[in-house]
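Inside the fold
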Amino acid sequence: MSVLALECDRIEDVIGRVLAYHPTADVDLLQRAYDFSARAHEGQQRLSGEPYLKHPLAVASVLCALRLDVPPIAAGLLHDVVEDTVCTFECLENEFGEEIARLVDGVTKIGKVEFKSDEEKQAENFRKMLLSMADDIRVIIIKLADRLHNMQTLNHLHPTRKAEIVRETLEIYAPLANRLGIGWIKNSLEDLCLKSLWPEKYEMLSKKVAKRIQEREAYVDEVTEFVSQKLLEQGIKADITGRPKHLYSIYQKMETQGILFEEVYDLTAIRVTTDTLINCYGILGIVHSLWRPVPGRFKDYIGVPKSNLYQSLHTTVAGPSGEHVEFQIRTEAMHRVAEEGIAAHWRYKDKGKVNTNDEKIFTWLRQLVEWHRDLSDNRQFMNSVKLGLYADVIYVFTPEGAVKELPAGATSIDFAYAVHTEVGHHYFGAKVNGKIVPPSTTLHSGDSVEILTSTTSVPSKDWLKFVQTPSAKTKIKHWIRDAERVRNVALGKKLVEKEMRRQGMTHRELIEIQEFSVLAKHIGFQSTEELLGAVSVGKVSVSQVVKWMMDKLKGGTGVDDGELLPHDRSVKVRGASGLLFHFSRCCNPVPGDHIFGFITRGRGISIHASWCHNLDILECHKERFVDAEWDVLCDRTHRAGISVLTVNRPGLLASVSSTITAGNVNITSADIAETHDAKAAQNFVVEVRHASQLELVIKSVAELEGVFYAKRVPVRPFGSHRFRRSLPPKS
């Protein structure tokens, strides 16, 4: 579907398109919404210089293409009036009613709130939209229409802001469109991101794809005509068309597989649309009788639909001259779902509620809401959201034959928690296809899984090393944290009692009197149990607690507020007097990273980045976390690791090295190795003063010709990499 063809320049065009698929629509409401929006945005212009009103009209046009009912289209016309004008939610509700006002509020960003970082702002805005989406899924469809038009007009934004929007679109909104089954919006968003990030590559691919399709047009026509003739001979009605792959999917295949454009063979898919389900399988049989199917390339999404409601048969065959040809076979109803996604299942009376049958499929939406409730840390929440949206899925079966959808790479423990939390908590083992397997065994589509449970079995921290689903990780961490909290409170209580006896006091005098609760809150803890848990891990000194309490009982002032204590004049940690500090090797934080302290047993406090790969395990001991921040007055360098994968050719190491040093970054050591597929893995340890400096260098390296990727990695001793042999020096 052409994005540009969607745009309407006048409200009359929008009304005409709505009446074409909904003749009894309340078009007066659309006219009132347009007039209200025109008055509210009067005099406003976009950065391009165009009247602002063109944007709401474009959003309404996309919603018309999805054949939505009147309220969300009216909300699309009004979606910016609360955020960008003096209009209030109450004013909108009085004018258009609760339903439209609620839709507009769902896509309105949180205003008049101070956030610590852009990351926190993004997370809180997404949480707000998520809750609105769970109540009325039309909220996210309006937001997708808004984002689609914004992506078409990015050129007038500041480069930094443009990069932020593109990254957010690729990480959140394109995957969301895919989850909702609106494939053409997902493809359009991804192609627009490619055009914005790498305009030269976009132009190159556009020209090459157009040329290749022109060259293959006769071939595709030959195949479609031959298949059409065979279907007519069998009395099967079908519409057969060729469909080019979108540019971003081609670009992704080239990058991930490390191949050239000329090596991408499946640039075109042939779509066959018929009238009945039986005919779909009949057509599949005919295609397979004409040409040999390619092993491993058949997918039955009719028997086992995707989570976004998509249904189709996919097969790739070795067609005429041995060239690979992909066929997609579906009914007309399935095709509407493939184009419109959840919008094709709309029920006007439901007002945004997902149909009961569809709701069973949209487990990912319920998971998003669960993560919102369970994960208070914004970075963890957004990472879980991205993982849940991006993950490829597999379909496995319970012993009773029920289908469970899991992300690719999931294990039997993920499956157990998908069945029920208590099944996961009491996991003892699993049988996959009738055989007992280790807990870390990866499941595959079609596996039959039986979970074995025991009342004495409990979750293990080791599970966090291989479970894949954010839901399972969250539940495991909660169980371990609760169990450890009980143990820590008991240990803290024993330590306090021992110190009290040494001071000549009794347990009743200290713990069971009201002053102890007052003391806990004064120090900054919510309860006496929380304070005792902190004592058990050394976060608070037991002798200091008893001393403070004795001072309180004697009428003293009690405890002073903790002060920020410097470490090496680069990090400040609150309330950790007398403990040593060190930077964790698992993440090597540098200034600019969000950081936190973790109280270790016997090694003082380790400083971690908030994105640390060990965060899942550390979170099981969250009572040991302490606040930490960088000292802005300190100006020293910190070590960081950079990993670069390139083609193996002379001179490229020199190009990468010079690009790194050109960013005013010192290389302290480097290690080069050849991979099993004859690529070059270049690993560097560098010294930087700020994370932004490191990010700029990595971005510059990634843009070099011949570089597959460049990324930040922890600093590890050389020789620990997985590559087999070192490269000889190249000039």
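Cut-off values and rules
- Residues numbered from 1 in each chain as written.
- Predicted model: local features only at pLDDT ≥ 70, side-chain atom pairs only at ≥ 80, totals over all residues.
- Heavy atoms only, no water.
- Helix = DSSP H or I, 4+ residues; strand = E, 2+ residues; numbered from the N terminus.
- Buried < 20%, exposed > 50% of the residue type's maximum accessible area, 1.4 Å probe, protein only.
- Contact = heavy atoms within 4.5 Å.
- Areas by Shrake-Rupley, 256 points an atom, 1.4 Å probe, with all protein chains shown as cover.
- Patch = residues over 30% accessible without salt bridge, like charges linked within 9 Å, V, L, I, M, F, W, Y side chains within 5 Å.
- Salt bridge = Lys/Arg side-chain N within 4 Å of Asp/Glu carboxyl O.
- Lys, Arg positive; Asp, Glu negative; His and termini not counted.
- Charge placed at Lys NZ, Arg CZ, Asp CG, Glu CD.
- Core = buried A, V, L, I, M, F, W, Y, C linked by side-chain atoms within 4.5 Å.
- Disulfide = S-S within 2.5 Å.
- Pairing = 2+ DSSP bridges.
- Phe/Tyr/Trp six-rings, centres within 6.5 Å; stacked < 30°, edge-to-face > 60°.
- Axes fitted to C-alpha atoms, helices over the stretch in contact; angles between N-to-C directions.
- pLDDT = per-residue confidence, 0-100.
- Parallel < 35°, antiparallel > 145°, perpendicular 65-115°, else oblique.
- Nonpolar A, V, L, I, M, F, W, Y, C, P; charged D, E, K, R; others polar.
- Expected span 1.5 Å × (residues − 1).
- Bend = angle between axes of the 7 residues up to and from the residue.

Now for the overall build of the protein. Secondary structure assignment for the protein yields 28 helices and 22 strands. Each of the 731 residues in the protein was classed as buried or not, and the buried ones make up 48%. At a minimum sequence separation of 6, the contacts of the protein that also span at least 24 residues come to 67%. Here the protein has roughly 36,000 Å² of accessible surface; of this, 50% comes from carbon and sulfur atoms.

This next bit is on a negative patch on the surface. Side chains of Glu-217, Asp-221, Glu-222 and Glu-225 sit close together on the surface and give a patch of like negative charge. Mapped onto the secondary structure, Asp-221 falls in helix α12 (residues 199-233). Owing to a relative accessible area of 40%, Asp-221 belongs among the partly exposed residues under this scheme.

Our focus in this paragraph is the nonpolar core. Counting residues in hydrophobic clusters, the biggest one holds 74 residues, and the most contacted among them are Val-14, Val-18, Ile-73, Leu-78 and Ile-185. With near-sequence residues (within four places) excluded, Val-18 lies in contact with Ala-25, Leu-30, Cys-64, Val-70 and Ile-73.

Per the stated rule, a full pass over the model turns up 0 disulfides. Its sulfur unpaired, Cys-87 is 4.0 Å from the next cysteine sulfur, which belongs to Cys-91. We note that Cys-586 lacks a disulfide partner, and the nearest cysteine sulfur, in Cys-612, lies 3.3 Å from it.

Within a regular beta strand, the side chains point alternately toward one face of the sheet and then the other, so they alternate between its two faces. Across 5 bridges, the pairing between strand β9 (residues 427-432) and strand β11 (residues 449-453) is antiparallel. Among the inter-strand pairings, Gly-429 is bridged to a residue of β11, identified as Leu-452. In this structure, β9 lies alongside strand β10 (residues 435-437), joined through 3 bridges in antiparallel fashion. Each bridged residue has a counterpart across the sheet, and for Val-432 the counterpart in β10 is Lys-435. Counting the residues that bridge the hairpin from β9 to β10 gives 2 residues, and of these Asn-433 lies at a positive phi of roughly 55°.

All right, on to unusual backbone geometry then. Trans peptide bonds make up the majority, and among non-glycine residues the majority have a negative phi. Phi is positive for Asn-433, close to 55°, though the residue is something other than glycine. As for its position among the elements, Asn-433 is in the loop between β9 and β10. Here the phi dihedral of Asn-664 falls at roughly 60°; this positive angle occurs in a residue that is not glycine. If you trace the backbone, Asn-664 turns up in the loop between α27 (652-662) and β19 (666-674).

Moving on, we come to the packing of aromatic side chains. Evaluation of the coordinates by the stated rule reveals 10 aromatic pairs. With 6.0 Å between their ring centres and 40° between their planes, Tyr-248 and Tyr-251 make a pair best called tilted. Remark: Tyr-251 and Tyr-248 occur in helix α13 (residues 247-257); sequence separation between them is 3 residues, near one turn of the helix. By relative accessible area, which is 11% here, Tyr-248 ends up buried. By relative accessible area, Tyr-251 is classed as buried at 9%. Both rings, one in Trp-291 and one in Phe-327, keep their centres 6.3 Å apart while their planes meet at 20°; by these two values the pair is stacked.

Strand order in the open sheet formed by 3 strands is β10-β9-β11, and the pairing between neighbours is antiparallel. Two strands lie at the open edges of the sheet, namely β10 and β11, each paired on one side alone. The sheet shows a mean angle of 35° between the axes of neighbouring strands, taken without regard to direction.

Examined against the element boundaries, Ile-480 turns out to sit in helix α21 (residues 470-502). Note: C-alpha distance between Ile-480 and Pro-459 (21 residues apart in sequence) is 7.1 Å. Once residues within four sequence positions are removed from consideration, Ile-480 is found in contact with Ser-460, Lys-461 and Cys-620.

The next point concerns the environment of Met-204. Relative to the helices and strands, Met-204 resides in helix α12. Exposure remark for Met-204: the relative accessible area of 30% places this residue in the partly exposed category. C-alpha of Met-204 to C-alpha of Phe-261: the two residues are 57 residues apart in sequence and 9.9 Å apart in space.

Summarising burial for helix α7 (residues 98-107): 7 of the 10 residues are buried, a large majority. Here α7 has its buried residues at Glu-99, Ile-100, Ala-101, Leu-103, Val-104, Gly-106 and Val-107.

The next point concerns the confidence of the model for the protein. Summarising the model, the protein shows a mean pLDDT of 79, and 78% of its residues fall at 70 or more. Confidence, expressed as mean pLDDT per element, reaches its minimum in the protein at strand β22 (residues 725-726) with 34 and its maximum at helix α14 (residues 277-290) with 94. Confidence over residues 110-116 falls short of pLDDT 50; this stretch has 7 contacts with residues more than four positions distant or in other chains. Within the model, pLDDT remains below 50 along residues 718-731, and this stretch shows 27 contacts once partners closer than five positions in the same chain are excluded.

Where helix α19 (residues 412-419) meets α21, the axes come as close as 9 Å, and the angle between the chain directions of the two elements is 85°. Considering their axes alone, α19 and α21 lie roughly perpendicular with respect to each other. Contacts between α19 and α21 involve Ile-413, Asp-414 and Tyr-417 from the former and Ala-472, Lys-475 and Ile-476 from the latter. Residue composition of the contact of α19 with α21, grouped by class: 4 nonpolar, no polar and 2 charged.

Moving on: helix α10 (residues 159-179). When the terminal C-alpha atoms of α10 are compared, their 29 Å separation across 21 residues agrees well with the 30 Å that a helix rising 1.5 Å per residue should span. The axis of α10 is deflected most strongly, by about 45°, at Thr-169. Gly-181, located one to two residues past α10, shows a positive phi value of around 80°.

Looking now at the pattern of salt bridges. When the charged atoms of two side chains lie near each other, side chains of opposite charge can form a pair. Inspection of the entire model under this criterion finds 13 salt bridges. We note a salt bridge from Arg-161 to Glu-164, for which the minimum N-O separation is 3.3 Å. A residue pair is termed a helical-turn pair when its members lie 3 or 4 positions apart in one helix, as Arg-161 and Glu-164 do in helix α10 at 3 residues. For Arg-161, a relative accessible area of 39% puts it in the partly exposed group. With relative accessibility at 26%, the residue Glu-164 sits in the partly exposed group. For Lys-186, the salt bridge goes to Glu-190, with nearest N and O atoms at 3.4 Å. Linking Lys-186 with Glu-190, this pair stays in helix α11 (residues 183-197), spanning 4 residues, or about one helical turn.

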